[in-house]
Each structure stands twice: as structure tokens, then as C-alpha cells.
Amino acid sequence: MRRDLREAQAVPFFTSLMSQKKAASDRMEKIVSLCKRRGFVFQSSEIYGGLNGCWDYGPLGVELRRNLKEFWWRRMVRERDDVVGLDGSILMNRQVWVASGHENTFSDPMVDCRNCKSRLRADQLPEKNGQKQCPVCGSFDLTEPRAFNLMFKTFVGATEDESAVTYLRPETAQSIFVQFRNVLEVSRKKLPFGIAQIGKAFRNEINPRNFIFRSREFEQMELEYFCFPNQGFELLDYWLKERLRFYADIGLSKDKLHVHEIPPDERAHYSKGTYDIEFEFPFGVQELEGVAYRTDYDLTQHEKASGKPLEYFDEETKSHLIPHVVEPSAGVDRTLLALLCAAYDEETVTDEKGKSETRTVLRLHPRMAPIKCGIFPLLKNNEELVKKTKEIVELLRGEMSVFYDETGAIGRRYRRQDEAGTPFGITVDFDTIGENGPANRDTVTVRYRDSMEQKRLAIADLPAFLREQIT
Ligand code: GAP
């Protein structure tokens, strides 16, 4: 192509790239702001200026988290015969981290800028004329890279010396490996079988960023699936498919998910195959979960270091072996962020008076939604309407989270629930209490969050209708 033509085309391309970037960062800002405004996520220790890389989940956030974790547990443990659970401690014997390799190798390369004193990830520095540059002040005066261990060190007991050192766990997986024998004995499972765990993990990330995407305290949902060596590759593909099915079932559409097969030279040394499941966040396509074939590395390491057998006895061949492991490892916080990013939507709607306004709506899957239905009396100063509405609240609250709201115009109340991601609105009106004749007595209006369509339903049918949508 001619150079002048290429340049002429490059300008709009560049402008459109810039405006795409701006739109993505605006979108992210709106999501962060909604999270604070509606009580999904707050900065940790906010009144003291916060603590970088740490977040608190508010009333809506905590419900969303629970729904996500419960659905993972249901899919990965309860619906299967071959997986059992574990809830390991966060603090473990230091030798666990020596044997697993974390004490020596769980580190990021880091440099200091001598000019502005920033501490930076060496592998993420921009380059100018082949020279690494500080992204904060532009200086080239950087120290040599040094390994920075990502584990939080702490002391167990009253003495703060080397013998009392241990770490906050940087992954939940290791307690599964070191409890392998105990769980095998009590569960009497045969290979292949898995041990699942959901729990907190801690990493002293040099550069926590992108809201809750990369934080210093986070939660993982991990499965270690033990198998015979010849089953490893097949199970790696099986678990990749299962995990993609899980994401579809919580409302993350296929076109926002990508599978990246990690090339051999980028994989962990013990891995024979790894897939990253990635999601299109507004700030780029980033890892949501890793599915890795970890071979027999972990059990072998712990058997060697502890001197305790971690083998499996195969009844058929009458021989002992160290099982191999396939590990799907997901982050609660990252998945929650993906759910929020996928669900956030704005649309222009016209109200009853013909006025246009922007409707902000979180199109969360009903299964994940923090509140399943908003329940409203049409008027708050009509005793009978209020009484009937509260009866419906009592009817449903044993099974699901519901929200009673009587303040403001009904349209406003719907909008508040749209922003919270509540999939259904139930309104008790004069038909419900039989004031307009017997035909619609004991029926309510059910409004769908996404389409805003409404239909009438008998109160007695509400539990079954809602159950079908949310389970
Ligand atoms: N046991 C394997 C393991 O921990 P990982 O790829 O380091 O592997 C697994 O972590 C998942 O944990 C990631 O895909 C991500 O979802 C989550 N995760 C890891 N570091 C995180 C961080 N700093 N903040 C939030 N989530 C994180």
C-alpha cells in the first residue's frame, strides 16, 4: 500500500483505538463506582486511606460471592460421586512451602528506580531504544532485577525468630496434597477422584491492579483431581470442557471467553499441559482460571520431604503408585469481576410520561443475582397492600434472598433493583387484594428485569416459578 494512503488510514485507526481504550476505561470506572454505590465492593480500611490490594465485600457483594461459591461447590462436589471436599488451614508448617518449592521460587523479578524510588516488576517495564525505563518518572536509572518472594511471612507463637517463621498460604492446593492420605483413607475413593477446596489465599503482589482482579488477599476455588498417569491428558481436556460449561451456566457467554494453551516453554516446570481460560475484561483479555496437568510433582515432593508415604494402592495391579493430578484452579474475585463486567449495561428507556432516561442494569444470571426478587406494595400507606406484600416476603424468604421496598414511585423502585441485578420484581396492587373484582385476587405482577415485560401470576405459584429460574 502507498505510504501516504497507509498514513491516512492509520490516523482514524489510531483515533478509534484511543477511543476504544477510553470507552473501556470509562466502563470500568462505572462498574467500580456502581460497586461502591450499591454495596458490592468497598476499599478495605477506607476511612484510614485504604490498604492497597485488599477489598471488602458489602451486602450485595457478599451474596453474589456466596452464590458463586455455592454453585461451584454444587457442580464440582455435590453433583459428583468422585469428588469430596476439604477446608484446610491458612497457616501451615513451613516445610510445606519448602517442599512445594514456594519458599525458593515463588517470586517475581523486581527492580527499584533510583530516581523516584518506585518498586517495579522487571518483566513489565516499557523499553525505549532497547533500554528498560521507569514507567513512573521516565528514568533509566534502575537497579538490577532481584527475586521478590510473593508469600506473606509471619511468625507462629511468641518468639519472632527464624524457627517460628511460616507464611500465609499463596494457594489452597498444598493442603489438599498434604492431606491426600487422610482423605483417601476416610473417603475410600478409587482413582480417579478429586479433592475440592474453596478458601482464602494471599500473595504480596508487587503491583495489585484492576480493582479486584489482582489483589493481595483473594479466594480460590481449586480441585485437585488424582488419576492414573495414563489418564492425565484426557482428563486435562475433560476438565477444560467442564469448566467452560460452568462458566456458561453462570452467565458468561462463550464469545467473551478464550482458551489459551500455554506453550511448553512458558509452562511451570512440573506441568505437562496447561490451559488458561481467559475473559474479555474492559482492561483486556486476562486469565480467569488455569487448568493444569501437574503430573505427580506435588505428591512426590511431599513424600520425599516428609518421609511419609503418599502413594495409592491399585487393587487391580496390586501395585503402589503416586497418582498424577489435573488441577482446575479458579479465583472467586476474578470470576465475580467477570460476572459484573459481563452484566453491566446501560440503555435509554422512555418513562410513562414520555421522558427519556438512562437505565443502568446488571444483567446477572438469576442463579448468581444477590437478590432474587424485589417485593413491593403499590402504595405504602394502604394497610392491606402492605400486609399482603409482607406475607409474600415471608412465603419466599426461607428459600431465597428477597428485598422489601415501599419507598418512592414504583418505577424508581424497579430501577434500584435493576442496578442491583435483581431479576424479578413482584408488585402487590389493588387487583391482588380483590378491589377490582375476584378475577385477579391473590395474583401479583411479575416484572422481568431484562425485558421489563410484566405478567400476572398467582401468589401460590411464585415459589415454583422463582425456584425454576434461580437453581
Ligand atoms: N494452585 C494453582 C494456582 O494457584 P494460579 O494461576 O497462580 O494457580 C489460580 O492461580 C487462580 O487464582 C488464577 O487463575 C486467578 O483466578 C486466581 N488468582 C491468582 N492470583 C490472584 C490475585 N493476586 N488476585 C486475585 N486472584 C488471583
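This is a predicted model, so every value here is computed, not measured.

### Examining the overall build of the protein
At step 1: Looking only at helices and strands, the protein has 12 helices and 25 strands in total.
At step 2: For the protein, the spread of C-alpha atoms along the principal axes amounts to about 80 × 70 × 55 Å.
At step 3: Relative to its full complement of 471 residues, the protein shows a buried share of 48%.
At step 4: With an accessible surface of roughly 24,100 Å², the protein has 50% of that area assigned to carbon and sulfur atoms.
At step 5: Of the side chains in the protein, 69 bear a positive and 74 a negative charge, and the two mean positions are spaced by 3 Å.

### Looking at the pairing of strand S4 (residues 107-112)
At step 1: Sheet topology note: the S4/strand S8 (residues 146-149) ladder contains 4 bridges and is antiparallel. Counted as the bridge partner of Met 110 is Arg 146 from S8.
At step 2: Summarising the sheet, S4 and strand S5 (residues 119-121) pair through 3 bridges and their orientation is antiparallel. Bridging across to S5, Asp 112 finds its partner in Arg 119.
At step 3: Counted along the chain from S4 to the antiparallel partner S5, the turn is 6 residues long, and its residue Lys 117 has a positive phi close to 70°.

### Things to note about the sheet that holds strand S15 (residues 284-295)
At step 1: The 7 strands are arranged S3-S11-S12-S18-S15-S14-S13 in an open sheet whose pairing can be described as mixed. The open sheet has two edge strands with one neighbour each: strand S3 (83-85) and strand S13 (257-261). Adjacent strand axes in the sheet meet at a mean angle of 25° when their direction is disregarded.
At step 2: Alignment of S15 against strand S18 (residues 324-331), held across 6 bridges, turns out to be antiparallel. Bridge assignment links Ala 292 to a residue of S18, and that residue is Glu 327.
At step 3: Against the sheet, helix H9 (residues 332-343) contacts strand S12 (217-227), strand S14 (273-281), S15 and S18, and its axis sits at roughly 40° relative to S14.

### Considerations on the site of the ligand
At step 1: The full set close to the ligand counts 20 residues, and Glu 171, Glu 205, Ser 215, Glu 222 and Glu 287 are the nearest of them.
At step 2: At 2.7 Å from a nitrogen atom of the ligand is found a side-chain nitrogen or oxygen belonging to Glu 171.
At step 3: Gly 331 has a polar backbone atom sitting 3.0 Å from an oxygen atom of the ligand.
At step 4: For the ligand, whose free accessible area comes to 560 Å², the fraction covered by protein is 88%.
At step 5: Among the detected pockets, the ligand sits in the largest pocket.
At step 6: Those elements giving two or more residues to the shell around the ligand turn out to be S12, S15 and S18.
At step 7: Looking at the shell around the ligand element by element, the count peaks at 5 residues for S15.
At step 8: Classifying every residue of the shell around the ligand by side-chain character gives 5 nonpolar, 5 polar and 10 charged.

### Here we look at empty space enclosed by the protein
Regions of empty space are outlined by a rolling probe, equal in size to a water molecule, passed over the atoms.
At step 1: Taken as a whole, this structure holds 1 cavity of 30 Å³ or more when the rule is applied.
At step 2: Roughly 40 Å³ of internal volume is contained in the largest cavity.
At step 3: Taken together, Gly 374, Phe 376, Tyr 414, Gln 417, Asp 418, Thr 422, Pro 423, Phe 424, Gly 425, Arg 447 and Arg 449 make up the full set of residues lining the largest cavity.

Rules used throughout
- Residues numbered from 1 in each chain as written.
- Predicted model: local features only at pLDDT ≥ 70, side-chain atom pairs only at ≥ 80, totals over all residues.
- Heavy atoms only, no water.
- Helix = DSSP H or I, 4+ residues; strand = E, 2+ residues; numbered from the N terminus.
- Buried < 20%, exposed > 50% of the residue type's maximum accessible area, 1.4 Å probe, protein only.
- Areas by Shrake-Rupley, 256 points an atom, 1.4 Å probe, with all protein chains shown as cover.
- Lys, Arg positive; Asp, Glu negative; His and termini not counted.
- Charge placed at Lys NZ, Arg CZ, Asp CG, Glu CD.
- Pairing = 2+ DSSP bridges.
- Axes fitted to C-alpha atoms, helices over the stretch in contact; angles between N-to-C directions.
- Contact = heavy atoms within 4.5 Å.
- Near = heavy atom within 4 Å.
- Polar contact = N/O pair within 3.5 Å; in protein donor to acceptor, adjacent residues only side chain to side chain.
- 1 Å grid on protein atoms, 1.4 Å probe; cavity = no way out; pocket = protein on both sides within 12 Å on 5 of 7 lines; lining within 4 Å.
- Sits in = over half its atoms within 2 Å of the grid points.
- Nonpolar A, V, L, I, M, F, W, Y, C, P; charged D, E, K, R; others polar.
- Points joined across faces, edges and corners; volume = space filled by probe spheres on them.

So far we have only geometry, and geometry alone does not tell us how the molecule works.
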